[in-house]
Amino acid sequence: MSDNVEEYRAALQDCPPGHSDRSMSLNNLGISLRSRFLQLGVLSDLDEAIEHLRAALLLHPLGHPDRSMSLNNLAISLRNRSQQRSVLSETDLDEAIELIRAALLLCPPGHPHRSMSLNNLANSLRDRFQQRGALSDLDETTELYRAALSLRPPGHSDRAKTLNNLAISLQDRFQQQGVQSDLDEAIELHRAALLLYPPGHSERSMSLNNLALGLLSRFQQRGDPSDFNETIELQRAALLLRPPGHADRAMALDNLANSLRDRFHQRGVPSDLDEAIEFYQAALSLRHPSHADRSKSLNNIAISLRDRFQQRGIPSDLDEAIELHRTALSLRPPGDSLRSTSLTNLAVSLRDRFQQRGIPSDLDETIELHRAALLTRPPGHPARSISLNNLALSLQDRFKQQGIPSDLDEVIELHRAALSIRPPGHSDRSSSQNNLAISLQDRFKKRSIPSDIDEAIELHRAALCLLPLGHSDRCQSLSNIATSLRDRFQQQGIQSDLDEAIEFHRAALLLHPPNHSERGTLLNNLAVSLRDKFKQRGIPSDIDEVIELHRAALFLRPPGHSDRSAYLDNLATSLRDRFLLRGIPSDLDEAFCLYLQLSCLSHAASRSDLNAAKSWATFAEEMNHSSALVAYQTALRFLDQHVIFLPSPSRNFDVVREVISSLASDAFSCSLRRGCFATAVELVEQGRAVFWTQLARFRTPLDELSASGAAGEALAAEFMQLSILLRNKFDGPTEDQSSHIRKLTVKWDDVISRIRKHHNPRFLLPPLFSDLQKAAEGGPVIIVNASQYGCDALIILSAQNPIHVPLDVTQAEVSELSFELKSLVEGAGSSNQQLESLKIAGILRKLWLCVVNPIVQALSEIVKPNSRIWWCPTAEFTQLPLHAAGPYERKTKNLSQIYISSYTPTLATLVRARQRVSRDASTQHFVAIGQASPDSGKELRCVAPELAVVAQRLAPIASFTSLQDSNATVQGAFDALHNSQWLHLACHGVPNRQQPFKSSFSMRDGPLMIKDIMQSDWQKPEFAFLSACHTTVGDEQSLDESIHLAAAMQSSGFRSVVGSMWSVDDEVARQTVSAFYDNLVDDSGTLDCTRTAMALHKAVESLRKKIPLEQQIVFVHIGI
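Residues numbered from 1 in each chain as written. Predicted model: local features only at pLDDT ≥ 70, side-chain atom pairs only at ≥ 80, totals over all residues. Heavy atoms only, no water.

> Could you give me a rundown of the sheet that holds strand 9 (residues 989–990), with the residues and numbers involved?
Ordered in space as 9-10-11, the three strands form an open sheet in which the pairing is antiparallel. Lying at the two open borders of the sheet, with one neighbouring strand each, are strand 9 and strand 11 (1006–1009). Sheet topology note: the strand 9/strand 10 (residues 1000–1003) ladder contains two bridges and is antiparallel. Looking at strand 10, one finds that Val 990 is bridged to Ser 1000. (Pairing = 2+ DSSP bridges. Helix = DSSP H or I, 4+ residues; strand = E, 2+ residues; numbered from the N terminus.)

> How would you sum up the nonpolar core? Please name residues and give values.
Ile 855, Phe 877 and Phe 1001 are the most contacted members of the largest nonpolar core, which totals 149 residues. Counting residues per element, this core draws most heavily on helix 39 (residues 833–859), which supplies twelve residues. When sequence neighbours within four positions are dropped, the list of residues in contact with Ile 855 reads Ile 782, Val 784, Ala 793, Ile 795, Val 805, Leu 807 and Trp 871. Counting 71 residues, the second largest nonpolar core, distinct from the first, contains Ile 412, Ile 453, Phe 579 and Leu 629. (Core = buried A, V, L, I, M, F, W, Y, C linked by side-chain atoms within 4.5 Å. Buried < 20%, exposed > 50% of the residue type's maximum accessible area, 1.4 Å probe, protein only. Contact = heavy atoms within 4.5 Å.)

> Account for the side chain of Asp 497, with residues named and values stated.
With respect to the helices and strands, Asp 497 occurs in helix 23 (residues 495–510). Within polar-contact distance, the side chain of Asp 497 engages the side chain of Arg 488 at 2.9 Å. Not counting residues within four places of it along the chain, the set of residues in contact with Asp 497 comprises Leu 485, Arg 488 and Phe 489. (Polar contact = N/O pair within 3.5 Å; in protein donor to acceptor, adjacent residues only side chain to side chain.)

> Account for the environment of Ile 795, with residues named and values stated.
Mapped onto the elements, Ile 795 comes out in strand 2 (residues 790–796). Overall, Ile 795 belongs to the buried group, its relative accessible area being 0%. Between the C-alpha atom of Ile 795 and that of Ile 855, which follows or precedes it by 60 residues, the distance is 8.1 Å. Excluding residues that lie within four positions of it along the chain, Ile 795 makes contacts with Pro 780, Val 781, Ile 782, Pro 802, Ile 803, Val 805, Ile 855, Ala 858 and Leu 859.

> Help me get a handle on unusual backbone geometry, residues and values and all.
Unlike most non-glycine residues, Asn 624 shows phi in positive territory, near 50°. Although it is not a glycine, Tyr 888 sits at a positive phi angle of roughly 50°. Its location among the elements puts Tyr 888 in the loop between strand 4 (868–873) and strand 5 (900–903). The exposure class assigned to Tyr 888 is partly exposed, which follows from its relative accessible area of 22%.

Right, dumping it as structure tokens:
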């Protein structure tokens, strides 16, 4: 071919401008260059061919006998270029069409080249239709092919080709307009063409394939099995004519595989799918790594393997499908027109695997991939609604797992966007209505907004109207509307809603046979609605049917299924109902046998697993069953797993608040009632302050590991690096980073596993009682617990068994005391001060009688007066000043006159503070920060005098820095603390009870928040005096989490902290600080944070007669 081109070049050089043969030479060179392009694919050849053919056309003016030929040659080359290039392809194609129209005018009826020109014009118009979709182009194409066919009667050498072209054009028109006669005519034309390609003809395989595709289209329209069977036989015959080595063999393999896979979807015959996979794999083997269609082959195999997985449930099929989709995606880089399809296919398969195995990283990756696919489908893209829908469904899966409200809000917006581009008449409109309705139902369950459930029901009804009897989606639609009606019944109590829900559930169940994959869900839904009816009307036969339905549903959710825990809980709950109705012991036994299966759960626990375990604990408590303690242990284990994998946990605090509730305090109470004191301590530690516990894990000391050798040092470095990354993500930005966090967490867990295997088997496991007992090395720690099942105290001693002190008070009474005190201290100073003090003393007296005095009686036998004790309160007790309890009568001692009280949020926190080694006193630095005029809030008059007092006491004995006014900024405070171990902070404290991580200290330029403190990396801090209001006030709905400013400082490393329980008077703060530092600094001139509790104790004692009662008791000491 190259030789021909060079020969024609040489011939052209011999025909300079003006030569009579120049036009022929230009034409010959142009045609030879085009031929070489068709063989080798070098675009520059085609560009040069077009230049020469243009030049030839200029030499064939109107009237020249060769002008028609020249117009056709240039047009064909321009059409070739339009098929190769997206840029300028439209102008090339438009020019080609105009040139051929001009050529056709030069070939009137009877002209020997007319049929060729008709055919060429039709080919180009069909290209333009496929590019732009104008039906007028398609109609004209069809008419031109008909005209060309009329000029090619039987016996004409090009008749078969023209029959084929007209047939394909009619098929295109059928696809657009759905006119059945077009498809029937196309099939007849293909049959006629096939007769002209007898066995042995080079085009016979192409003709067999074209007829097969026409029959396949007709089968898809009318469902005649004979059409489908003939399709496959024709494709088999076509494949035989394309033996190994044939250029089109891979395409023939694909076509036959496609049809076999379609037939599998129609009839479910496994051998069809197996054969399809074999043919797809054979096609892949013919497409080398750089082949343009390799990604398509990988995709075809992956989709078929996913089909087989859905039929047979073989995990390896799904795993292989995912890997093939990954490889296909790698061959479709950004900018590739099929990249969005590959992103979507991989995401869909990962979602399947998540739904089967519950692997969180699969779901996170699914969401990432769907987001990426959506970015490649901007507004106006025909597949945008599909991507919006896919992303929404995946976020909905994550919401069900983790309960993050922002996920659900985004789901609803995505579904609304998808519905808006699926107008009435759109084939997927019912699907969008259904999906939006389900997400509105989910939000209704979380927030109880009536308009959400009303809209959901209307959307479900509208979707059902679009799905007539026989429609494959009608069953799901019936189930969805039933579920939404039940939800509304539960809120509004309308009996007709419940009755209608049951009828819809029964209708849906009838449409799903016993082996259907969704039957378990339908059985469960019907059972849940019937149980509602039983609770309303008490008909015994209803609860019997409920139990049988739940049994059948659970059978379809084998161990390992993500829904098994929820279904197990449903069956157990129904058995409980029947036991309470009839008292049959076997029902009760079966219920608890079911619950015990939860303790064997091997996969990472989801929220539904945790909810089932909590339900078990509640039921066991109600029935006083021996499994109650195991239930609590299981639930707390699930809690730990659930919180670890929450992305940006502080931003999802409401999720944790919901799942924690009273779990730890109830578990503590249960353990005490069973005499398991050590277990009680372990469980209450495991279920409280889970955020601070997780942060503490990131700061775990690794000295012993690093010193164990090179392997240990490498593990320590890896653990530290991952811990820093995770700690920085703990309050990450709002954009979706869950997948990145998940990957980091998986790596972090892997390092922990290796440390446990080779160095420390209990590394970062929940501490044992023997570890927690070390908290009492400096004095007893008293856990004071409030639970719905009773209130108790447990005294932890360093070298003795714990001492149990039952308390004669209920949780409700403790809550009432807390509320009364809060009301008094919030209104302090607004009325008679003496009367206020008397009322506060009355509350402290009740606290003494019911709680503290029994504990003091137990302590008196083992702890000397004036010794230190530590309080570790739970639940409502966290809001009460236990340190200030007393009879408040003459000649009697209050607690503060017997013992020196400190607090600790958990025992583990105190253990860490004791184990942390102090710096040498000579290298310690003290910083005093005061902000009297913050960016918001009233001015504090005594901040400057207070800092002056601190400077007077501390400057002579320590490296001292003072930041005030304009220097007391957020960044200034952080910079100063980075090099200081001792802190005095005088400013406004601002609690945020709704979003506790945003509680803050007010600086000149804005708030210094808990979430900022959490990111700190201060160097072995020792002590912080927080001379600010409300620094121990946290979220009232999750008291055991201790999310407050003082706890944040302690979590960031301060071993000892002084904080406030409520508002502090500015002048009182100054006086207290002055007395505190007078007592802290002794004759040695050294700083020791273990003396801070005594210093505060003496300071308050010295001011007792000078300040109001509520200000005497406002400051508390936390830590060592």
